[in-house]
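For reference, the chains in residue letters:
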Amino acid sequence: MRGAARMLEVLATRPAFDDIARELALGTIARLKPKFVVLGRLAPTAQLNVVGSFGLNDVDLASLQTRSVWDGSLMSETVRTGSLKRIVKQSDTSEGTWESGIDEQMFPIVAVPLLLRESKIGALVIGIDESMTAIDFGEELSGVDFALALYLSMNSDSSPVGQEIPATVTRPDHSAVDASEELPTMTDRRREVLRLLSMGMTNGQIARRIGFSESTVRHETIALYRLLGAQNRGEASRIAQMHGLLDD
């Protein structure tokens, strides 16, 4: 939960994808001792494009830059199946895949699917320390993966690796948003509003519970819809429950 909250706060500043990969490696998932972090996004052409990375040399990054979703690599299989995949050592790789050509010291490698409303958005690929192989990555990255999927979907027209995000982004419902309008952060107050609306409370009831005006609660609810990519209270509640955002 803390990792998800931190990632939402970082994404609210609308960073470049390389900066997101750096933050993941050095901040949000630093305890996993990552050797590298890669953010891959699925394109309508059935290609997986690396949009952000940290820790890879130029040669390895160039060979990974654009892959087919059918090429048998770890990232491709993760996106295709929508499930977490891992490779413990280089001898476990398939010939011709990206993983078979990189240094053995980069293993083990874990790939986590980035999903949004059951849509396959991309994958997060991490080279981890050997001491971390027993970690439950699904649990460790719960909420973080959702935040990344949402950000990738909202910035589907952004520039390649290392370049800044353009002035206009796209929401999950494909409506345009001006760059001056920042993505809301998941504050403690919004988390409490989210918890209470998930309990079925009206804006008036929530306002009385937390001691703010109904207008303030309405504003916070709208901000939550934007943050979660939801259209209504029920959808916001389901998304929050699905990704553990209501856990204590």
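Please read these numbers as outputs of a predicted model, since none were measured by experiment.

Caption draft 1: Quick look at the overall build of the protein. Scanning the protein for helices and strands turns up ten helices and eight strands. For the protein, the proportion of its 248 residues judged to be buried stands at 50%. Within the protein, contacts between residues at least 6 apart in sequence are counted, and of these 58% link residues at least 24 apart. Accessible area for the protein stands at about 11700 Å²; split by element, carbon and sulfur atoms hold 47% of it.

Caption draft 2: The side chain of Ser237, seen in detail. If you trace the backbone, Ser237 turns up in helix 10 (residues 233–242). Look at Ser237 and you get buried, because its relative accessible area is 10%. Here Ser198 takes part through its side chain, which lies 3.2 Å from a polar atom of the side chain of Ser237. Sequence-distant contacts of Ser237, defined by excluding residues within four places in its chain, comprise Ser198 and Leu246.

Caption draft 3: Examining the sheet that holds strand 5 (residues 109–116) more closely. Read across the sheet, six strands follow the order 3-2-1-6-5-4 without closing on themselves; strand pairing throughout is antiparallel. Either end of the sheet is taken by a strand with one partner, and the two such strands are strand 3 (66–68) and strand 4 (85–87). Across the sheet, the mean angle separating the axes of adjacent strands is 25 degrees when strand polarity is ignored. As paired strands, strand 5 and strand 6 (residues 119–127) are joined by eight bridges and run antiparallel to one another. Within strand 6, the residue paired with Leu114 across the bridge is Gly122. Against the sheet, helix 4 (residues 74–81) touches strand 1 (36–42), strand 2 (47–54), strand 3, strand 4, strand 5 and strand 6, its axis set at about 145 degrees to strand 6. This element, helix 6 (residues 144–154), spans strand 1, strand 2, strand 5 and strand 6 of the sheet and lies at about 60 degrees to strand 5.

Caption draft 4: Molecular detail of the pairing of strand 5. The buried fraction of strand 5 amounts to seven of the eight residues, a majority that puts the element mostly inside the structure. A loop of two residues connects strand 5 with strand 6, the two strands running antiparallel in sequence, and Arg117 in this loop sits at a positive phi of about 50 degrees.

Caption draft 5: The nonpolar core, seen in detail. Core analysis: the biggest nonpolar cluster contains 54 residues, and Met7, Ile20, Leu24, Leu124 and Leu148 have the highest contact counts within it. A per-element tally of this core places helix 6 first, with nine residues. Other than its neighbours up to four places away in sequence, Leu24 contacts Met7, Ile29, Ala30, Val37, Leu124, Val144 and Leu148.

Caption draft 6: Geometry of the pairing of strand 1. Along strand 1, six of the seven residues are buried, which leaves the element largely enclosed by surrounding structure. Sheet topology note: the strand 1/strand 6 ladder contains six bridges and is antiparallel. Following the sheet pairing, Arg41 is matched in strand 6 by Gly122. Here six bridges tie strand 1 to strand 2, and the two strands are oriented antiparallel to one another. Residue pairing for strand 2: Arg41 is matched across the bridge by Asn49. Remark: four residues form the turn of the hairpin made by strand 1 and strand 2, two consecutive strands paired antiparallel; Ala46 in that turn has positive phi of roughly 70 degrees.

Caption draft 7: Up close: unusual backbone geometry. Here the bond from Phe107 into Pro108 is cis, since omega is -5 degrees, no more than 30 degrees from zero. Within the element layout of this structure, Pro108 appears in the loop between strand 4 and strand 5. For Arg14, which is not glycine, the phi torsion reads 55 degrees and is therefore positive. Looking at the secondary structure, you find Arg14 in the loop between helix 1 (2–11) and helix 2 (17–28). Look at Arg14 and you get partly exposed, because its relative accessible area is 22%. Although it is not a glycine, Lys33 sits at a positive phi angle of roughly 55 degrees. Mapped onto the fold, Lys33 is located in the loop between helix 2 and strand 1.

Reading the values: the criteria
- Residues numbered from 1 in each chain as written.
- Predicted model: local features only at pLDDT ≥ 70, side-chain atom pairs only at ≥ 80, totals over all residues.
- Heavy atoms only, no water.
- Helix = DSSP H or I, 4+ residues; strand = E, 2+ residues; numbered from the N terminus.
- Buried < 20%, exposed > 50% of the residue type's maximum accessible area, 1.4 Å probe, protein only.
- Contact = heavy atoms within 4.5 Å.
- Areas by Shrake-Rupley, 256 points an atom, 1.4 Å probe, with all protein chains shown as cover.
- Polar contact = N/O pair within 3.5 Å; in protein donor to acceptor, adjacent residues only side chain to side chain.
- Pairing = 2+ DSSP bridges.
- Axes fitted to C-alpha atoms, helices over the stretch in contact; angles between N-to-C directions.
- Core = buried A, V, L, I, M, F, W, Y, C linked by side-chain atoms within 4.5 Å.

None of this, on its own, says anything about what the molecule does.
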